[in-house]
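Each chain, letter by letter, is given below.
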Amino acid sequence: MNLSNPQTVSEQALVPEILAPVGGREQFFAALNSGADAVFLGLKNFNARARAENFSLDDLRELVPLAHAHGMRVLVTMNILIKNSELKPLLETLSALEEIAVDAIIVQDLGLARLCKTYFPHLRMHASTQMAVHNLDGVREAMAAGFKRVVLARELTALEIKKIRSAFSREEVEIEAFCHGSLCYSYSGLCFFSGAEDARSGNRGECAYTCRKPYKIVNEPGHGFLFSMKDLNTVESLHLLVEAGVDTLKIEGRKKDAQYVSMVVQTYRQKLDELFGRPTLRRDAPALAHVLAQEKSHTPEKLKEQLSLTFQRDSTSFFLKGRYHENVIDLNNPTHKGQPVGDVLNVRGRCIEIRSECDLERFDGLRIDPAESLYHSKPQHGSTLSKGTEGVKDKYQNRVCQFSLRSMRCEGKLVPTAQRGMVLEIDIPDDLPMPNVGDRVVRTRSDALRRDIEKVSKPSSETRLRPLKACELVLSTRVEGDTLVMNLVAQKFAKTIVQVLHRTPALRPKSGTSTFTSDIRDGLTVLGNIGFTATQIQFEGDMNWFVPRGQIKELKRSLEAELANAYESFLKERLAAALEAVNHALVPIQQNSQQESSLAVKIDRIEYLEWLRESLEHNGSSKNLKINELVFEPKRAFLPSLSFEAVVAQLKSFQQSTGIAVRLAFPTVLRAWDEPLMKRWLQEFLAQGITDIELGNVGVLAMLERWGVREQVTSLASDFTLYSLNSASAAHWQTRGLSKVALSVEDDLKNISDTSLRWPAGLTPQVILFKDTPLFIAESCSLTALHNGCPTSAVCGYRTLEIENDAGDRFFVAHESCKSIVYDKKAYSIVHRRSALEGLGFRNFRIDFLTRPYSKEDFLHVLSSVFTQSTIAGTHTANFERTLL
């Protein structure tokens, strides 16, 4: 694959669609009028951007027909995890979206997918990037769950994407990849920082953007925005995505404005036109031609300038060209970069002098950034701190010199506009800090561009918007004597809703050419009196008749008299059947006070085995709790000198001497280069007769099937990263052959209690009592940022950073080989609430000793506390005793 920047692509390449984000109506029209092939948007609930403007169902009834009329598709995001109490309103929403005929829904929760596939089969499903699909087998598993398109994890390289695309035909599954916008530090769907910090889970649409906050490094000199990613921008690398065979280029940004949507769509459309050497827009964009005709200056250079005035941070192509080809973190700035205007040449009183590097006009937005960097990195700046943390704190709190340009002077005269090269005097507002000579002035917005965008961010004067419900009509005719009988059937999802008959004299057209079918289409396509539209009208039988238009109006009135009530009844019955079926399949978890509870211990270091043996000697006689399983997750970073055979032999010896079953855990992230190592581990475990498996990512089942070992596996269990936040998700995994599923460590007691009352019969729920929750799981590396490029492991040493936020909370950034895992200094622990969980019927528990290097004393103390149900000092309960938003 050519990593350079060619001007064209191969003849075999297909034009991908451009999928634009719309957070509100202005953004919707900006996308429609600027050349997007499709848009994705969210409702007021059940979407991962809960704080965007979003849309109501009535909004969609207006906008979806308009989009379809212009050839633009509308996708609806349902990309969050669902609580058990939300299943009923979820089903109601799915029913409405199916009825509205949106083009697809974007889904994270596999329980939601199961409900949709079973009860609302006319809704097409796309697997959200929140599912963290990052390998070939993750795509296979998504296909098995009914998804027609998969949005791949942003972390994939172009070569990985191409390998996935080549494994499946486009008829089997479509592949979607992000091309532009904000990046999360963690794999999407695997960020638990926000939820752990203040119950605002990113998996529930309530991200608190903890990755954009400044942090101080405690164990070495340094501070800055350690997790603040640059923005993805693949304009100059777009040929890689095209040649990889992606079907859809996705633009991030449902919380961004219409200017962002319009400029980014136009930029990528122009780049596709350049690569293919022809216009690539495959539909009518109502206002685009008009706007571009007025703006003759829409050259690539002009678009690039205008894009810099649209919200964007410093840019990166991320890992598209390969991992660690570039530094993807901006330690200095978590916000809009802006367009360079010039350096401060002089400061006089409240006035600065600059030589402008671009055109300016009144009411443009300006910001003045310090000349020196705000962050400190020991590898780059040394051990002596030359700056405090105040600068990064002020930047995060937006306490910066930023203002609207109200006036400027050139040679002492006020000027409304300025051209590049002019020396200008600009007054700084009294309430802002004064800059210094050498500080950098940037333009953050353009008033002229704002005026341009207004032309494309609203409907045209000819557009009539009204919410319409859709149905299909089938008209057939028969003759009874000298009477023509018209039989009109209204259908939804190929089911008859209502049928009306109308009789009229059987007359042939005098001219020999009948206008009957065109008159029917004109008269029945819009049933305005009841708010319906016929998306399709089929004709069956002889249509060569003359029917006066008055008779067609009578037919229309007969249909309108019955359709609305029949339509609502049809949908209600359909929804009621789904609700009844879902409730019937779930039962309360059995509560048996005499049943002994079981405990699994999960480890990633082989030395913990001896400590666990010692704990068994002290706690083995407990009558109400028994350790019955050891879960081992092999990590190369912690087993540098041990062979596969030696590790598994020790585990097998432990199993034989203690009677405790051993289970092999597959990791949460399993990239293509990790696969051979994991396959080797599995082979050794199976050879030793250890046949129980824990799934850490969505692709493991398909991977086991592809390796031909699925039948050798005795028992399958899931880790919490497979998102069993509701009983429908658990039921999905049960149908895939799992006998045990771990509940989410983000969950709250109320939802856990609700789950206990409605649970799939025969499936074991597992509650994690103690864990160092991985707040971030990332390929992006803070050490690479601190070194301003990957220094190799010989230099960075995969060292762990201890960091602190503004509130004084401390965290660790561990580097397991080249994966970064961030965890709280305080572990998650609800061991003291075990009795409450047992009272709800839960009898299967787990504690984890992963990533953090535990001392023997701490290891044994945690185990002892589980048996005594004692509160462990220096831990937290996350959302267990509060409400997960």
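Anything mentioned here points back to the structure above.
Parameters and conventions
Residues numbered from 1 in each chain as written. Predicted model: local features only at pLDDT ≥ 70, side-chain atom pairs only at ≥ 80, totals over all residues. Heavy atoms only, no water. Helix = DSSP H or I, 4+ residues; strand = E, 2+ residues; numbered from the N terminus. Rg over C-alpha atoms; globule rule 2.2 N^0.38 Å. Buried < 20%, exposed > 50% of the residue type's maximum accessible area, 1.4 Å probe, protein only. Areas by Shrake-Rupley, 256 points an atom, 1.4 Å probe, with all protein chains shown as cover. Pairing = 2+ DSSP bridges. Right-handed = clockwise from strand over helix to strand, strands pointing away. Polar contact = N/O pair within 3.5 Å; in protein donor to acceptor, adjacent residues only side chain to side chain. Contact = heavy atoms within 4.5 Å. Axes fitted to C-alpha atoms, helices over the stretch in contact; angles between N-to-C directions. Parallel < 35°, antiparallel > 145°, perpendicular 65-115°, else oblique. Left-handed = near helix turned anticlockwise from the far one by under 90°. Nonpolar A, V, L, I, M, F, W, Y, C, P; charged D, E, K, R; others polar. Salt bridge = Lys/Arg side-chain N within 4 Å of Asp/Glu carboxyl O. Arc of directions from axis to C-beta. Phe/Tyr/Trp six-rings, centres within 6.5 Å; stacked < 30°, edge-to-face > 60°. Lys NZ or Arg CZ within 6 Å of the ring centre and 35° of its normal.

Enquirer: What is the right way to look at the overall build of the protein chain in this model?
Expert: Along the protein chain, the regular secondary structure elements total 26 helices and 44 strands. Expected size for 885 residues packed as a compact globule is a radius of gyration near 29 Å; at 31 Å, the protein chain falls within 12% of this value. Projecting the C-alpha coordinates of the protein chain onto the three principal axes gives extents of approximately 100 × 85 × 50 Å. Scored against the burial criterion, the 885 residues of the protein chain give a buried share of 59%. Accessible surface for the protein chain amounts to roughly 34,400 Å². Of this, 48% is attributable to carbon and sulfur atoms.

Enquirer: Would you mind showing me how to read the pairing of strand β34 (residues 715-718) here?
Expert: For a regular strand, side-chain orientation follows a simple rule: the groups alternate between the two sheet faces. Side-chain alternation along β34 places Ser715 and Ala717 on one buried face and Leu716 and Ser718 on a second face that is also buried. Bridge count for strand β33 (residues 692-695) against β34 is four bridges, and the pairing is parallel. Across the sheet, residue Glu694 finds its bridge partner in β34, namely Ala717. Following the chain from β33 across helix α20 (residues 700-707) to the adjacent parallel β34, one finds a crossover that is right-handed. Of the strand pairs in this sheet, β34 and strand β35 (residues 740-742) are connected by two bridges, and their pairing is parallel.

Enquirer: Looking at this structure, how should I read the side chain of His815?
Expert: Structurally, His815 can be placed in strand β40 (residues 810-816). The buried category is assigned to His815, whose relative accessible area is 6%. Among the polar contacts listed, one links the side chain of His815 to the backbone oxygen of Arg799, at a separation of 2.7 Å. For His815, the contacting residues outside a window of four places in its chain are Cys781, Ser782, Leu783, Tyr798, Arg799 and Ser820.

Enquirer: Would you explain unusual backbone geometry in this entry?
Expert: With the exception of glycine, the majority of residues adopt a negative phi angle, and the majority of peptide bonds are in the trans configuration. Positive phi is not limited to glycine here, since Tyr209 has a value of about 55°. With respect to the helices and strands, the residue Tyr209 is situated in the loop between α7 (193-198) and β8 (215-217). By relative accessible area, Tyr209 is classed as partly exposed at 32%.

Enquirer: Would you take a moment to explain the sheet that holds strand β26 (residues 495-505) for this structure?
Expert: As a general point, the strands of a sheet are linked pairwise by backbone hydrogen bonds and lie either parallel or antiparallel. Reading across from one edge, β26-β25-β24-β28-β27 is the order of the five strands in this open sheet, with mixed pairing throughout. A strand with exactly one partner marks an edge of an open sheet, and here the two such strands are β26 and β27 (526-527). The sheet contact formed by strand β24 (residues 469-480) and strand β28 (residues 532-540) spans eight bridges and is parallel. If you follow Val474 over to β28, its bridge partner there is Gln538. Packed on one face of the sheet, helix α16 (residues 549-584) meets β24, β25 (483-492), β26, β27 and β28 and runs near 165° to β26.

Enquirer: I would appreciate a short explanation of the sheet that holds strand β23 (residues 440-445) in the present structure.
Expert: In spatial order, the strands read β18-β16-β23-β13-β14-β22-β19-β20; together these eight strands make up an open sheet with antiparallel pairing. A single partner strand is all that each edge strand has here, and the edge strands are β18 (401-404) and β20 (413-414). In this structure, strand β19 (residues 408-410) lies alongside strand β22 (residues 423-427), joined through two bridges in antiparallel fashion. For Met408, the partnering residue across the bridge sits in β22 and is Ile426.

Enquirer: What's the story with the packing of helix α18 (residues 644-658) against helix α19 (residues 675-687) in this structure? I'm lost.
Expert: Any two packed helices are characterised by the angle at which their axes cross and by the distance between the axes. Relative orientation of the contacting elements α18 and α19 amounts to 45°, with a least axis distance of 10 Å. The pairing of α18 with α19 is recorded here as oblique in orientation. Helix-helix and strand crossings are classified by hand; for α18 and α19 the assignment is right-handed. Here Phe644, Glu645, Val647, Val648 and Leu651 of α18 lie close against α19, whose contacting residues are Leu677, Arg680, Trp681, Glu684 and Phe685. For the contact of α18 with α19, a count of residues per class yields seven nonpolar, no polar and three charged.

Enquirer: Sorry, what's going on with the environment of Glu540 here?
Expert: Summarising the element assignment, Glu540 is placed in strand β28. The exposure class assigned to Glu540 is partly exposed, which follows from its relative accessible area of 43%. Through-space distance from the C-alpha of Glu540 to that of Arg478 is 9.8 Å; in sequence the pair is 62 residues apart. When sequence neighbours within four positions are dropped, the list of residues in contact with Glu540 reads Val474, Leu475, Ser476 and Thr477.

Enquirer: Please clarify how helix α11 (residues 300-308) should be interpreted in this entry.
Expert: The α-helix winds at 3.6 residues per turn, so residues separated by three or four positions along the chain end up facing the same way. Among the residues of α11, Leu303, Gln306, Leu307 and Ser308 are the ones counted as buried. Tucked inside the fold, the buried residues of α11 contact β7 (174-181), β10 (231-233), α9 (258-276), β13 (339-348) and α14 (447-454).

Enquirer: I'm lost on the pattern of salt bridges in this one. Help?
Expert: Where side chains of opposite charge bring their charged atoms close, a pairing between them can arise. Evaluation of the coordinates by the stated rule reveals 80 salt bridges. Its salt-bridge partner being Asp604, residue Lys635 comes within 3.0 Å of it at the nearest N-O pair. Linking Lys635 in the loop between β31 (625-632) and α18 with Asp604 in the loop between β30 (597-603) and α17 (608-619), this pair joins segments that are 31 residues apart in sequence. The pair formed by Lys635 and Asp604 is uniform in burial state, with each residue classed as buried. One network of salt bridges, with partners in common, ties together Glu17, Arg73, Arg124, Arg149, Glu174, Glu176 and Lys250.

Enquirer: Which parts of the structure should I look at to understand helix α15 (residues 516-524)?
Expert: Within the span of α15, buried status applies to Phe516, Asp519, Ile520, Gly523 and Leu524. All buried residues of α15 project into a common sector of 105° when viewed along the axis, lining one side. At its buried positions, α15 is contacted by β24, β25, β27, β28 and α16.

Enquirer: Where do I start with the packing of aromatic side chains in this structure?
Expert: The geometry of two aromatic rings is summed up by the distance between their centres and the angle between their planes. All chains considered together, the criterion is met by 26 aromatic pairs. Considering the side-chain rings of Tyr215 and Phe227, the 5.2 Å spacing of their centres and the 65° angle between planes classify their relative orientation as edge-to-face. Of the two residues, Tyr215 sits in strand β8 while Phe227 sits in the loop between β9 (222-224) and β10, which places them 12 residues apart along the sequence. Each member of the pair Tyr215 and Phe227 is classed as buried. Taken together, the aromatic side chains of Tyr185, Phe193, Tyr215, Phe227, Phe776 and Phe811 make up a single cluster linked through ring pairs. Positioned over the ring face of Phe178 is Arg154, at 3.7 Å from the centre of the ring. The ring of Phe40 has Lys250 lying over it, and the distance from NZ or CZ to the ring centre is 4.4 Å.

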